[in-house]
Amino acid sequence: MGMLDGKVAIVTGAGHGIGRGHAMELAKNGASVVVNDVGGSVSGEGVGRDADLTVNIIKDRGGEATANYADVSDPGQSEEMIAQAVEDFGRLDILVNNAGIVRDGSIFNMSVEDFDAVIRVHLRGTWLPCKAAGIHWRAINKESGSKVNGRIINTISGAGLTGNFGQSNYAPAKAAIASLTLTLSLEMYKMGVTVNAVGPAAATRITATMPNAPAVVEADDVGEDEWNRMDPSVSSPLVAWLASDEADHVTGQIIRAVGENIILMKGWEDGPTIDNGEKRWDATRLGQQLATDVFSTKAPGLRY
Ligand SMILES: NC(=O)c1ccc[n+]([C@@H]2O[C@H](COP(=O)([O-])OP(=O)(O)OC[C@H]3O[C@@H](n4cnc5c(N)ncnc54)[C@H](O)[C@@H]3O)[C@@H](O)[C@H]2O)c1
């Protein structure tokens with residue numbers, strides 16, 4: 001018995017890298033998987049049939065999968081992807097939004113096109129499948145009167161949580177996905193859908209664009225009993241668990257899975273606070289009080 005037997009999943013951007021790892025893990029645990037991938041370059045140019053590669057791997061290993069070539073940032077194609085899960089396998093239980101591209105550069109050199117393209121694939125390409133799946137599940141929930149037990153797992157990055165030099169498009173896109181996750185966890189919980197986000201780390205096409213990057217590893221290159229902390233499927237067991245019935249109480253969480261560590265991220269929380277009674281602050285005196293009561297206790301400043 002697999003923990004995901006009978007469930008149907010979509011994994012976006014699953015032709016390569018981390019998405020392939022997730023799709024393989026979900027299938028290994030019994031889910032039928034729609035493997036989405038537009039099949040373009042790491043910077044989002046072109047199209048291809050890369051989804052077929054992962055479908056073939058899953059099928060060769062005895063799992064069930066079909067390919068989908070949608071651009072997830074296109075509204076019509078996103079809706080059709082959700083519909084395809086129902087057409088191919090009769091239902092949809094799990095949506096893993098993983099598709100991504102990078103176009104790095106400092107803000108001084110980054111074009112508006114490179115900003116828009118990255119925001120589009122990551123943020124819009126997560127929001128649109130969430131919307132289509134949410135509408136699908138809400139219709140079922142209304143008709144049946146029962147909770148739908150759906151799962152959305154989005155993909156964030158450390159860059160989005162702490163910032164990263166040269167990624168003024170990617171980092172805010174990932175931060176926005178964290179915020180989207182929190183918001184949708186509120187909007188969808190009542191109908192029985194949990195929404196969480198996972199932050200992976202792996203040696204993929206995306207990391208290969210950075211200086212001194214390790215060689216790209218694909219999930220199917222790593223043997224079942226082999227440990228490689230840069231294996232793109234290192235975060236996949238967490239995704240499979242979040243997708244399972246066991247995780248029905250976990251929602252609105254941002255969790256990083258880096259090598260051997262699974263780290264629950266803590267969001268923004270109140271820091272040192274100053275209170276001026278029922279009086280308006282005086283800007284010329286504010287600095288002194290902030291210096292003693294706020295910034296002295298927790299200097300923000302530069303991290304490097
Ligand atoms: N590699 C890391 O260390 C790391 C760290 C944090 C977050 N991430 C995130 O993990 C996710 C997967 O990245 P990866 O590292 O495996 O890179 P990858 O390039 O191997 O995989 C990304 C996949 O998304 C697909 N894709 C791109 N645009 C698409 C679109 N519009 N529609 C459908 N598919 C599309 C690509 O074709 C590609 O196969 C991304 O969201 C990335 O930002 C990666």
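Since the structure is predicted, the reported quantities are computational estimates derived from the model, not experimental observations.

Undergrad: How would you sum up the site of the ligand? Please name residues and give values.
TA: Not every one of the 30 residues close to the ligand is listed here, only the nearest: I18, D37, N98, Y170 and T204. Taking I18, its main chain carries an N or O atom lying 2.8 Å from an oxygen atom of the ligand. The contact in question runs from a nitrogen atom of the ligand to an N or O atom on the side chain of D71, over 2.9 Å. When isolated, the ligand has an accessible area of 820 Å², and the protein chains bury 96% of it. Where the shell around the ligand is concerned, the elements lending two or more residues are α1 (17-28), α4 (112-144) and α6 (170-188). Across the shell around the ligand, the residue classes break down as 13 nonpolar, 13 polar and four charged.

Undergrad: Any chance you could break down the pattern of salt bridges for me, citing the residues and the numbers?
TA: Side chains carrying opposite charge are able to pair once their charged atoms draw close together. One pass over the full model with this rule turns up eight salt bridges. In this structure, R20 engages E218 in a salt bridge whose closest nitrogen and oxygen atoms are separated by 3.9 Å. Taken together, the positions of R20 in helix α1 and E218 in the loop between β6 (193-199) and α7 (236-243) put the pair 198 residues apart, joining distant regions of the chain. Judged on exposure class, the residue R20 and its partner E218 are both buried. Measuring nitrogen to oxygen at the nearest pair gives 3.6 Å for the salt bridge that ties E45 to R103. Note that E45 is positioned in the loop between β2 (32-36) and α2 (51-60) and R103 in the loop between β4 (94-96) and α4, a separation of 58 residues in sequence. By relative accessible area, which is 45% here, E45 ends up partly exposed. Put simply, R20, E218 and D220 are held in one network by salt bridges that share partners.

Calculation criteria
- Residues numbered from 1 in each chain as written.
- Predicted model: local features only at pLDDT ≥ 70, side-chain atom pairs only at ≥ 80, totals over all residues.
- Heavy atoms only, no water.
- Near = heavy atom within 4 Å.
- Polar contact = N/O pair within 3.5 Å; in protein donor to acceptor, adjacent residues only side chain to side chain.
- Areas by Shrake-Rupley, 256 points an atom, 1.4 Å probe, with all protein chains shown as cover.
- Helix = DSSP H or I, 4+ residues; strand = E, 2+ residues; numbered from the N terminus.
- Nonpolar A, V, L, I, M, F, W, Y, C, P; charged D, E, K, R; others polar.
- Salt bridge = Lys/Arg side-chain N within 4 Å of Asp/Glu carboxyl O.
- Buried < 20%, exposed > 50% of the residue type's maximum accessible area, 1.4 Å probe, protein only.

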